[in-house]
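# A closer look at the structure
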Amino acid sequence: MSDRLFIFDTTLRDGEQVPGCQLNTVEKIQVAKALEALGVDVIEAGFPISSPGDFNSVVEISKAVTWPTICALSRAVEKDIDAAAEALKYAKHKRIHTGIGTSDYHIKYKFNSTREEIIERAIACVKYAKKYVEDVQFYAEDAGRTDNEYLARVVEAVVKAGATVVNIPDTTGYCLPEDFGKKIRYLKENVKGIDKVTIATHCHNDLGMATANSISGILNGARQAEVTVNGIGERAGNTSLEEVAMIFKSHKLGIDTNINTQKIYSTSRLVSSMMNMPVQPNKAIVGRNAFAHSSGIHQDGVLKNRENYEIIDPKDVGIDETSIVLTARSGRAALKHRLHVLGVDLDQTALDRAYNDFLALADRKKDLNDDDILMLVGKSRGEKGRISIDYLQVTSGIGVRAVASVGINIAGEKFEAAASGNGPVDAAINAIKQIIRRKMTLEEFLIQAITKGSDDTGKVHMTVSYNGENYYGFGANTDIVAASADAFVDAINKFVI
């Protein structure tokens, strides 16, 4: 029987403390609903005393979310706890998260206090919160730098006072994984009543060890991981939700989470977009390069069997497929695969000839795009498919709904249609859909500048799903709407016979 690891997400509290990442209440509700769909057990919705906006966000999230516990942060101050309790009044499952610093740094320089006074304040805040809610979580801020004997005294005192969860934060990201694991184990072995509460980890990434510390703490007895989507948070960030979830999915350690991992990538993109916080390309699990392969040996191995070089199936985190990136280190298998995706299949002799030309070009040009690959085999984007655009006219502006008129040539037969949309690109695609009546879905839309200046040429990459298969379309034009329409039709040409 597996142990249950509870996932406590603090994207909307600790994550939102990153400069420039603030969300309004409507946006926070959208993220909270995505976290609920993801399977998060506890959502830390905010710090109600900090501002009227934060207070209101906790209220509205409490109304909008059904099954996760909604948690509100407070300091060990009665007015903070009052505000947290008031903000949580509509929550179906509510928790107050209160606490105080326990390291000698905090006791001396932050509170100008003593160890005994801190224990008294810790007990008092838990007892006061307990008047409002049954579920009270206590945090021992800077526990990572608190000596274990004193930390055990504090934890035992708050457990006796009624805390249901004790949070052991490595607030400054200072700990080594072995030491943090030992700290959790020490509490498990030396705190009376510890078996009646849940121990939580809350690790920061200042030295790049947040996830490693959290995993070490969990393996030593913690059963709640405090995390954020994409690892965002104060300074260098927090423990990454997706890393913790996939570590326990990949390793059979007898510990399970409730996370629906197939929603990880979409949740990551939502948070990245709404918080204006790009995900670094080499970020584990959700980075653009997490499933990208450029080495020829790796590419050949992955194309033969994904598990040769991938321990996670991209589909398990909601990514459609592995990315094969063409560089001078790529092999024939990768080139053949990419040509097939572009609708070109070569015999071995033609592939060998194309591969030699490919290597020569790759040595000269750093970034090879699909136009370059097609050029090598005598193809071009300019070649007409069975379906082509005769004309496209779009009307859009501020305060008016975009409308597009399009003329399509299908094997010599002319068709016309008009449609409105949420912007000029959407209107153009809707108009084309009126003519090409197939059940297809636009899965991905990417715009990339090719030239620089006010007359930029933009390239549009599209992924269109049809009958369970993905088809790729490309278009380039100084008019980005025209490039988008060309890309859409290019994809359609690959599945409409």
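Parameters and conventions
- Residues numbered from 1 in each chain as written.
- Predicted model: local features only at pLDDT ≥ 70, side-chain atom pairs only at ≥ 80, totals over all residues.
- Heavy atoms only, no water.
- Pairing = 2+ DSSP bridges.
- Helix = DSSP H or I, 4+ residues; strand = E, 2+ residues; numbered from the N terminus.
- Axes fitted to C-alpha atoms, helices over the stretch in contact; angles between N-to-C directions.
- Parallel < 35°, antiparallel > 145°, perpendicular 65-115°, else oblique.
- Left-handed = near helix turned anticlockwise from the far one by under 90°.
- Contact = heavy atoms within 4.5 Å.
- Nonpolar A, V, L, I, M, F, W, Y, C, P; charged D, E, K, R; others polar.
- Patch = residues over 30% accessible without salt bridge, like charges linked within 9 Å, V, L, I, M, F, W, Y side chains within 5 Å.
- Areas by Shrake-Rupley, 256 points an atom, 1.4 Å probe, with all protein chains shown as cover.
- Salt bridge = Lys/Arg side-chain N within 4 Å of Asp/Glu carboxyl O.
- Buried < 20%, exposed > 50% of the residue type's maximum accessible area, 1.4 Å probe, protein only.
- Core = buried A, V, L, I, M, F, W, Y, C linked by side-chain atoms within 4.5 Å.
- UniProt positions renumbered as here; feature names shortened; annotations may be inferred.

Attention now goes to the sheet that holds strand β15 (residues 413–421). The sheet built from 3 strands is open, its strands ordered β13-β14-β15 with antiparallel pairing. Strand pairing shows two members of the sheet lacking a second neighbour, β13 (387–397) and β15, which therefore form its edges. Each strand of the sheet is rotated relative to its neighbour by a mean of 10°, with strand direction disregarded. Examined bridge by bridge, β13 and strand β14 (residues 400–410) share 9 bridges and lie antiparallel to one another. Residue pairing for β14: Q393 is matched across the bridge by S405.

The next subject is the packing of helix α3 (residues 78–87) against helix α5 (residues 115–130). The contact between α3 and α5 brings their axes to 10 Å, and the two run at 30°. Judged by the inter-axis angle, α3 sits roughly parallel to α5. Relative to α5, α3 is oriented so that their crossing is right-handed. Facing E78, I81 and D82 of α3, the residues of α5 in contact are C125, Y128 and A129. In terms of residue class, the contact of α3 with α5 is made up of 4 nonpolar, no polar and 2 charged.

A word on a nonpolar patch on the surface. On the surface, L442, F445 and I447 cluster together into a nonpolar patch covering about 240 Å² of accessible area. Its location among the elements puts F445 in strand β16 (residues 440–449).

So, about the pattern of salt bridges. Counting across every chain of the model gives 22 salt bridges. The residue R223 makes a salt bridge to D3 at a minimum N-O spacing of 2.9 Å. Taken as a pair, R223 in the loop between α8 (210–219) and β9 (224–227) and D3 in strand β1 (residues 3–4) lie far apart in primary sequence, 220 residues in all. Residue classification places D3 among the partly exposed positions, given a relative accessible area of 38%. Between D206 and R235 there is a salt bridge; the shortest N-O distance is 2.7 Å. Here the residue D206 occupies a position in the loop between β8 (198–203) and α8, and R235 occupies one in the loop between β9 and α9 (241–250), the gap between them amounting to 29 residues. Relative accessible area serves as the criterion here: at 31%, D206 is assigned to the partly exposed category. It is possible to trace a salt-bridge network through shared partners that takes in R13, D14 and E44.

Bringing unusual backbone geometry into the picture now. One non-glycine residue, D142, lies in positive phi territory at about 60°. Not every positive phi belongs to a glycine, and N467 is a case in point at roughly 55°. Among the secondary structure elements, N467 is positioned in the loop between β17 (458–466) and β18 (469–477). Its relative accessible area of 65% is what places N467 among the exposed residues.

Turning our attention to the sheet that holds strand β5 (residues 94–101). The 8 strands lie next to each other as β2-β3-β4-β5-β6-β7-β8-β9, forming a closed barrel whose pairing is parallel. Here the average twist between neighbouring strands, direction ignored, is 25°. Direction of pairing for strand β2 (residues 6–9) relative to β9: parallel, over a ladder of 4 bridges. Note on β9: the bridge partner recorded for D9 is V227.

The next point concerns the environment of L187. For L187, the position within the fold is in helix α7 (residues 177–190). Classification of L187 as buried rests on a relative accessible area of 1%. Each C-alpha atom, one on L187 and one on R153, is 9.4 Å from the other, the two residues being 34 residues apart in sequence. Beyond its immediate stretch of four places on either side in the chain, L187 contacts L151, A152, V155, I168 and I194.

This brings us to the nonpolar core. Grouped together as the largest cluster of nonpolar side chains are 89 residues, with contacts concentrated most on I7, F138, V155, V166, I168 and I264. Of the residues forming this core, the biggest block, 9 residues, is contributed by helix α6 (residues 148–161). Sequence-distant contacts of V166, that is, excluding residues within four places in its chain, are made with F138, V155, V158, V159, I194, V197, T198, I199 and A200. Counting 32 residues, the second-largest nonpolar core is a separate cluster that includes I387, A427, V481 and F488.

The next subject is the pairing of β14. Looking along a regular strand, one sees the side chains alternate between the two faces of the sheet. Between the antiparallel neighbours β13 and β14 lie 2 residues, among them G399 with a positive phi of about 85°. Sheet topology note: the β14/β15 ladder contains 9 bridges and is antiparallel. The residue of β15 that forms the bridge with G407 is E416. The antiparallel hairpin formed by β14 and β15 contains 2 residues in its connecting segment, where A411 sits at a positive phi of about 55°.

Let's shift gears to the UniProt feature "binding site: Mn(2+)" (unreviewed entry) in the protein chain. Residues given the UniProt feature "binding site: Mn(2+)" (unreviewed entry) here are D14, H202, H204 and N238. A compact arrangement is adopted by the annotated residues: their sequence extent is 225 residues, whereas the largest C-alpha distance between any two is 10.4 Å. As for its placement among the helices and strands, D14 is situated in the loop between β2 and α1 (25–38). Beyond its immediate sequence surroundings of up to four residues, D14 is in contact with H202, H204, G233, E234 and N238. Within the secondary structure, N238 sits in the loop between β9 and α9. For N238, a relative accessible area of 3% translates into the label buried. Aside from chain neighbours lying at most four places away, what touches N238 is T10, D14, H202, C203, H204, A210, T228, G231, I232 and G233.

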